[in-house]
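If you want the building blocks of each chain, they are given just below.
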Amino acid sequence: MTQPVSDKRRDVSDIVEENAHAIGQLVNLLQALPGNLYRQSSGYRKQHVIGKHVRHIIDHYSALLSATDCPGALLDYENRHRDPALETDRRAGGRRLSDILRELRTRFGTEYCSELAMLHSSEGQRHVVTTSVDRELVFLASHTIHHMAIIGMLAEQAGVEVNAEFGVHPSTLRYMERQVSGMARSA
């Protein structure tokens, strides 16, 4: 497979919709989740909290939206806002996710200038690296789904029924679908 020729403007609406699907699933779960479970600590060290995972997801999307809000701004995932209210109030988390979803569709639903610079810290050194909006949207979809898998596990352990596709990456769902259709053809 060859790399596509880079143009500075891209239509990323399909990638936005992959993010939207994950965010929509998460918002639906939060609406059904008891508020105390959102704040409940789990695990041996009591460090696993659904609300913290939701806030973490929100922080990452907010970082991308902030960086693309003003030209020349750097994307910085390390220095996030970390609003503690989003960790304790599932309704606030759900509202913020819904706002993010609207903003993603508004800002990136059509052609968008894809170039972006990101600040990355590694072993005490700060580097500016070149990236793109589409690359970061792909990352955010995977990142969100990864955290949703943990959220789903925590919810299930507390007795909440979670959709079988919640926290499963679209590529995995496509693979499973191909496996099923392959078995049907061989039968």
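A short tour of the structure in this document, coming up. (Residues numbered from 1 in each chain as written. Predicted model: local features only at pLDDT ≥ 70, side-chain atom pairs only at ≥ 80, totals over all residues. Heavy atoms only, no water.)

1. Some points on the pattern of salt bridges
A side chain with one charge may pair with a side chain of the opposite charge, provided their charged atoms come close.
Here is step 1: If you walk through the whole model with that rule in mind, you get seven salt bridges.
Here is step 2: One salt bridge connects Arg80 with Asp59, and the closest N-O pair in it is separated by 3.8 Å. Taken together, the positions of Arg80 in the loop between strand E4 (74-75) and helix H4 (85-88) and Asp59 in helix H3 (residues 50-67) put the pair 21 residues apart, joining distant regions of the chain. One exposure class covers both Arg80 and Asp59, and it is buried.
Here is step 3: Linking Glu103 and Arg107 is a salt bridge whose minimum nitrogen-to-oxygen distance equals 2.6 Å. Of this pair, Glu103 and Arg107 both sit in helix H5 (residues 90-108), separated by four residues, roughly a single helical turn.
Here is step 4: Look at Arg107 and you get buried, because its relative accessible area is 16%.
Here is step 5: Each of Arg55, Asp59, Arg80 and Glu87 takes part in one network of salt bridges that share partners. (Salt bridge = Lys/Arg side-chain N within 4 Å of Asp/Glu carboxyl O. Helix = DSSP H or I, 4+ residues; strand = E, 2+ residues; numbered from the N terminus. Buried < 20%, exposed > 50% of the residue type's maximum accessible area, 1.4 Å probe, protein only.)

2. Focus: the packing of aromatic side chains
Here is step 1: Inspection of the entire model under this criterion finds one aromatic pair.
Here is step 2: Centre to centre, the rings of Tyr77 and Phe139 are 5.3 Å apart; their planes meet at 50°, and the pair counts as tilted. With Tyr77 in the loop between E4 and H4 and Phe139 in helix H6 (residues 133-157), this pair connects stretches of sequence that are 62 residues apart.
Here is step 3: Tyr77 gets classed as buried once you look at its relative accessible area, which sits at 11%. (Phe/Tyr/Trp six-rings, centres within 6.5 Å; stacked < 30°, edge-to-face > 60°.)

3. Considering the packing of helix H1 (residues 13-32) against H3
Here is step 1: Close contact between H1 and H3 brings their axes to 13 Å; oriented N to C, the two are set at 150°. Regarding H1 and H3, the two cross each other, and that crossing is left-handed. Where H1 abuts H3, its residues Asn19, Ile23, Leu26 and Leu30 lie against Val54, Ile57 and Tyr61.
Here is step 2: Here the residues of the contact of H1 with H3 sort into six nonpolar, one polar and no charged. (Axes fitted to C-alpha atoms, helices over the stretch in contact; angles between N-to-C directions. Left-handed = near helix turned anticlockwise from the far one by under 90°. Contact = heavy atoms within 4.5 Å. Nonpolar A, V, L, I, M, F, W, Y, C, P; charged D, E, K, R; others polar.)

4. Some details on the pairing of strand E6 (residues 115-122)
Here is step 1: Bridging between E4 and E6 involves two bridges; their strand directions are parallel. The residue of E6 that forms the bridge with Leu75 is Met118.
Here is step 2: Inspection of the sheet shows E6 paired to strand E7 (residues 125-132) by eight bridges, in the antiparallel sense. Across the sheet, Ser121 pairs through a bridge with Arg126, a residue of E7.
Here is step 3: Once E6 ends, the chain turns through two residues before running back antiparallel as E7, passing Glu123 with a positive phi of about 50°. (Pairing = 2+ DSSP bridges.)

5. Remarks on the side chain of Ser132
Here is step 1: Note that Ser132 resides in strand E7.
Here is step 2: Residue classification places Ser132 among the buried positions, given a relative accessible area of 14%.
Here is step 3: In this structure the side chain of Ser132 is engaged in a polar contact, spanning 2.7 Å, whose partner is the side chain of Asp134.
Here is step 4: With residues near it in sequence (within four places) discarded, Ser132 still touches Ser114 and Leu116. (Polar contact = N/O pair within 3.5 Å; in protein donor to acceptor, adjacent residues only side chain to side chain.)

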